[in-house]
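# Chain and residue survey
Chain by chain, the residues run as shown.
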Amino acid sequence: MKIAAIGECMVEFAPDGRDGWQMGFAGDTFNTLWTLRGLLPSNVTTDYVSAFGDDEFSRRQLAFFAQHHVGTANSPHIAGGRPGLYAITLDGAERSFTYWRGDSVARRLADDSAALAGSLKDRKLIYFSGITLAILTPTSRRALLAAVTVARAQGSLIAFDPNYRPRLWPDRAIAAAAITEAEHVADIVLPTFDDERSLFDDVDPAATGRRITDLGVRECVVKNGGQAALLCHDGRVAESPARPGVKAVDTSGAGDAFNGGYLAARLQGREPADAAAFAHRVAALAIGVRGALTPFSVLSTARE
Ligand SMILES: O=C(O)C(=O)C[C@H](O)[C@H](O)CO
């Protein structure tokens with residue numbers, strides 16, 4: 001089995017708990033792919049599709065990928081390019097992000113459409129997000145959606161998290177239009193209710209689920225922080241309760257880890273309700289560690 005995620009992995013500065021920072025690598029779609037890598041058998045080919053630079057930070061990033069058996073398929077490696085950077089600040093365990101990513105090399109991930117098509121070929125699962133869309137020019141965004149559409153027609157399962165980050169978009173209407181367009185080519189949509197409320201004025205998770213399934217999406221799980229997620233599948237709607245009494249250290253990447261847990265379980269043939277319960281368990285592990293990535297040794301404790 002071959003899976004891929006498309007997007008931007010940045011250099012991450014996460015609070016180290018002693019008034020300093022620890023450096024790592026993270027980015028929403030990478031966090032989800034990482035979770036899949038940690039949960040799925042080692043013979044699953046796992047590629048992160050992006051664009052990479054050639055500076056010291058790019059070299060370290062690629063070494064980090066290689067060390068964890070994450071490939072880069074046909075992603076372009078661009079001379080002079082460098083990764084974006086973000087820092088996590090915490091208010092208690094609740095995270096917020098500061099970015100330095102205006103000229104990050106990942107913005108060029110769809111410039112070479114032949115390379116992109118090659119990277120997406122023969123994938124069981126392709127995962128991308130609203131952040132992937134937000135970092136691209138309108139032309140590159142069209143190229144990306146065209147490539148995903150072709151891959152879907154050839155049999156890939158497409159999963160998408162709208163992951164709305166207002167600061168990355170020129171305005172709300174452009175974000176709403178691009179995200180809705182992506183949902184039209186997705187089989188599984190994994191939104192977070194707070195994002196959807198601020199982008200689409202949804203009144204509750206049920207409204208989010210309805211709006212997305214009305215587009216023809218067969219499977220949608222609306223995450224809602226520490227509360228129950230809403231599972232909409234084949235016309236049925238059910239709540240998936242969150243785990244009680246989870247102690248949070250850093251909520252960064254919780255939704256991404258949930259997505260990774262959900263998709264890993266679905267790829268292994270588990271039913272949506274079972275997959276969502278598993279995903280809550282994985283997300284609970286993710287918020288117990290600093291930074292957006294959960295070590296594989298911790299992820300392995302999510303399995304029964
Ligand atoms: O906000 C982004 O663009 C990121 O990818 C940083 C974080 O790792 C991610 O948002 C966590 O969900």
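The structure contained in this document is the topic of the report that follows. Fair warning: this is a prediction, and the values are worked out from it, not measured in the lab.

### As for the site of the ligand
- Not every one of the 13 residues close to the ligand is listed here, only the nearest: Asp-28, Tyr-99, Arg-101, Arg-165 and Asp-256.
- Tyr-86 places a polar side-chain atom, nitrogen or oxygen, 2.8 Å from an oxygen atom of the ligand.
- Here an oxygen atom of the ligand sits 2.7 Å away from a polar atom, N or O, in the side chain of Asp-256.
- The fraction of the free accessible surface of the ligand (310 Å²) that becomes covered by protein chains is 98%.
- Within the residue set of the shell around the ligand, elements represented by two or more residues are helix 1 (28–39) and strand 6 (94–100).

### Quick look at the sheet that holds strand 3 (residues 21–26)
- Sheet architecture is open: 4 strands sit in the order 3-2-5-6, paired in mixed fashion. Sheet topology places strand 3 and strand 6 at the edges, where each strand pairs with a single neighbour. Pairwise comparison of adjacent strand axes, ignoring direction, gives a mean angle of 30° for this sheet.
- Two strands pair when backbone bridges link them, and strand 2 (residues 10–15) and strand 3 are joined in this way by 6 bridges, in the antiparallel orientation. Bridging from a neighbouring strand, Phe-13 pairs with Met-23 of strand 3.

### Considering the pattern of salt bridges
- Scanning the entire structure with this criterion turns up 16 salt bridges.
- Of the charged contacts in the structure, one is a salt bridge between Arg-18 and Asp-16, with a shortest N-O distance of 3.4 Å.
- Note on Asp-16: relative accessible area 15%, which makes it buried.
- Across the pair Glu-56 and Arg-60 runs a salt bridge whose closest N-O atoms are separated by 3.2 Å. Here the residue Glu-56 and the residue Arg-60 both occupy positions in helix 2 (residues 56–67), the gap between them amounting to 4 residues, near one helical turn.
- Accessibility expressed as a relative area gives 38% for Glu-56, which makes it partly exposed.
- Looking at Arg-60, the relative accessible area reads 47%, which means it is partly exposed.
- Residues participating in the shared-partner salt-bridge network are Glu-56, Arg-59 and Arg-60.

### Topic: the pairing of strand 11 (residues 229–233)
- Of all 5 residues in strand 11, 5 are buried; the element is thus mostly enclosed.
- Going residue by residue along strand 11, you find Ala-229, Leu-231 and His-233 tucked away on one face and Leu-230 and Cys-232 tucked away on the opposite face as well.
- As judged from the 4 bridges shared by strand 10 (residues 219–222) and strand 11, these two strands associate in the antiparallel manner. When the sheet's bridge partners are listed, Val-222 is paired in strand 11 with Leu-230.
- Taking the residues between adjacent antiparallel strands as the criterion, strand 10 and strand 11 are bridged by 6 residues, where Gly-225 takes a positive phi near 55°.
- Inspection of the sheet shows strand 11 paired to strand 12 (residues 236–240) by 5 bridges, in the antiparallel sense. Residue pairing for strand 12: Leu-230 is matched across the bridge by Glu-239.
- From the end of strand 11 to the start of strand 12, which pair antiparallel, there are 2 residues, and Asp-234 there has a positive phi angle of about 50°.

Calculation criteria
Residues numbered from 1 in each chain as written. Predicted model: local features only at pLDDT ≥ 70, side-chain atom pairs only at ≥ 80, totals over all residues. Heavy atoms only, no water. Near = heavy atom within 4 Å. Polar contact = N/O pair within 3.5 Å; in protein donor to acceptor, adjacent residues only side chain to side chain. Areas by Shrake-Rupley, 256 points an atom, 1.4 Å probe, with all protein chains shown as cover. Helix = DSSP H or I, 4+ residues; strand = E, 2+ residues; numbered from the N terminus. Pairing = 2+ DSSP bridges. Axes fitted to C-alpha atoms, helices over the stretch in contact; angles between N-to-C directions. Salt bridge = Lys/Arg side-chain N within 4 Å of Asp/Glu carboxyl O. Buried < 20%, exposed > 50% of the residue type's maximum accessible area, 1.4 Å probe, protein only.

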